[in-house]
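Coordinates in review
These are the residues of each chain, in order.
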Amino acid sequence: MTEEHATLLQGGRVVSADGEYDADVLIVGEKIAAVGEVEAPPGATVIDVAGCRVMPGLIDNHTHLSMPFMGMMSSDDYNTGTQAAAAGGVTCLVDFAIQREPDQLRSALAEWQGRADGAAHVDYGFHMAITNANEATIDDMAAIVDAGVSSFKLFMAYKGELMTRDDAMTACMERARDLGALTMVHAENGDVVDLLVKRALHAGQTDAIHHALTRPEFVEAEATSRAARLSEYTGASLFVVHVTCAAAAAEVQAAQQRGVPVSAETCTQYLVNTIDDLRRPGVEGCRYICSPPLREASNHEPLWDYVQRGILESVSTDHCPFTNEQKARGLENFSLVPNGLAAIQHRLAKLWDEGVVAGRITPSQLVDRTSTTIARRFGLEDKGAIAPGKDADIVVFDPSAPRDYGTHTSFMNVDYDIYDGETASGSVRHTLSRGTMVYDQGKIVSEPGHGRFVARAGAAVGATA
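The rules behind the values
- Residues numbered from 1 in each chain as written.
- Predicted model: local features only at pLDDT ≥ 70, side-chain atom pairs only at ≥ 80, totals over all residues.
- Heavy atoms only, no water.
- Salt bridge = Lys/Arg side-chain N within 4 Å of Asp/Glu carboxyl O.
- Helix = DSSP H or I, 4+ residues; strand = E, 2+ residues; numbered from the N terminus.
- Buried < 20%, exposed > 50% of the residue type's maximum accessible area, 1.4 Å probe, protein only.
- Pairing = 2+ DSSP bridges.
- Right-handed = clockwise from strand over helix to strand, strands pointing away.
- Contact = heavy atoms within 4.5 Å.
- Polar contact = N/O pair within 3.5 Å; in protein donor to acceptor, adjacent residues only side chain to side chain.
- Core = buried A, V, L, I, M, F, W, Y, C linked by side-chain atoms within 4.5 Å.

1. Some points on the pattern of salt bridges
Enumeration according to the criterion identifies 34 salt bridges in this entry. Across the pair Arg360 and Glu301 runs a salt bridge whose closest N-O atoms are separated by 2.6 Å. Here the residue Arg360 occupies a position in the loop between α13 (347-357) and α14 (363-377), and Glu301 occupies one in helix α11 (residues 300-309), the gap between them amounting to 59 residues. Owing to a relative accessible area of 26%, Arg360 belongs among the partly exposed residues under this scheme. Note that Arg309 and Asp305 form a salt bridge whose closest N and O atoms lie 2.9 Å from each other. Of the two residues, Arg309 and Asp305 are both situated in helix α11; the distance of four residues between them amounts to about one turn of the helix. One network of salt bridges, with partners in common, ties together Glu30, Lys31, Asp123, Asp382, Lys383, Asp391, Asp393, Arg434 and Arg452.

2. So, the pairing of strand β9 (residues 90-98)
The buried count for β9 comes to nine of nine residues, which makes it a mostly enclosed element. Pairing between strand β6 (residues 58-63) and β9: four bridges, direction parallel. Counterpart to Ile59 in the pairing with β9 is Cys92. Of the strand pairs in this sheet, β9 and strand β10 (residues 123-130) are connected by seven bridges, and their pairing is parallel. Looking at β10, one finds that Phe96 is bridged to His127. The handedness of the β9 to β10 crossover, carried by helix α2 (residues 106-116), is right-handed.

3. Quick word on the environment of Arg177
Considering the arrangement of structural elements, one finds Arg177 in helix α4 (residues 166-179). For Arg177, a relative accessible area of 35% translates into the label partly exposed. Through-space distance from the C-alpha of Arg177 to that of Thr234 is 7.9 Å; in sequence the pair is 57 residues apart. In this view, Arg177 contacts Thr234, Gly235 and Ala236; residues no more than four positions away in its chain are not counted. At 2.7 Å, the side chain of Arg177 and the backbone oxygen of Thr234 are in polar contact.

4. Here we look at the nonpolar core
Met128 and Val185 are the most contacted members of the largest nonpolar core, which has 131 residues in total. With sequence-adjacent residues up to four places away left out, Val185 is seen in contact with Leu154, Met156, Met169, Ala227, Leu238, Phe239, Val240 and Val241. Leu9, Ile32, Ile47 and Val54 belong to the second largest nonpolar core, which has 15 residues in total.

What follows is the structure, given as structure tokens:
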């Protein structure tokens, strides 16, 4: 048997969810072998990480790679998207497979696995999005859980394309509960949104800003409350994705205080961008169209507070990129713009500057909200912490190495960067996935196919107050 190679990360400051300390990290093969004052074994590769933060690799539990939507495909596939992930310190993502056939889910899972297999640079899992919750589909949920996919997403918006009505949503929640799986919801009142969009277009209000104005905060807050009440009734564990505003976060907190098993996330863009980005002229404004939409800046501090307190327990990206050409399809009609932002590479740097440097969260809270809690919530048992026996998924972040945002530093497969012209105060130096260097000082050094599918255990159950 060939002896496994050892790597020692020497002289860094380890950041965990419960504190920081100076320590070396020894990697043997794909696992973390020791953390502390460690002597390099004979033949080990020693990497000097003095001055850097050594953190568990980030997990992005909300991405859409090669996603068919509105007659087109998101522009990052599993090769380019996972390169961008690694450049941003992400060592595992959980992507959404979308039901494509009306009476089953297994074919969708096979389709997405086919896209990812042999292409990914970091590990990946899947959620299953249900778009036609009939009896046959609900019966098929058990096979999906058996395949290692323990979470199901339901859309309360996108009427006529993805939306699930309340009766079907209730039935799906009950089935997920019985299977020990997690129900996730995109919480917007799709009927009201549909009405407001039709009214706006009839009035000739076609610019990008009207995407946000036709999806006001109350449609998200109402749907969040309704989903939480269904969770309360069914006893199903609920996860509300991409919370954008204080009104919706307050509904999550109220449900948690009632003892409902509901948890939630927000996304980087809702903490740093605003509705004013959609007022930019031409295609530039269209780049910022996502659902739920960007909100008024007055939501930023309340959302950061919900993140700091753990009511919003994690921060993801909802990475769903489209090119300028794809976005420009809706220049004369905002409802035709494909929804989604390119963000997977920028989460760590943005949260470091806007969160840690700005004093809104600690480095340990950043680790918890981007890795440790996500691993626990989504059943990624070998990930989310720097500890012996865990996968050697590690990001080495240098807080004193600035890096420009822009297409010249981005690995995302889009021809613009929504943060172009800005500079991050710190940057990722190294990203290791199961002990293998994937990203090294500005370069991807792994081959497609290093990343592999991770079967996930049942989702964590219970409210987090």
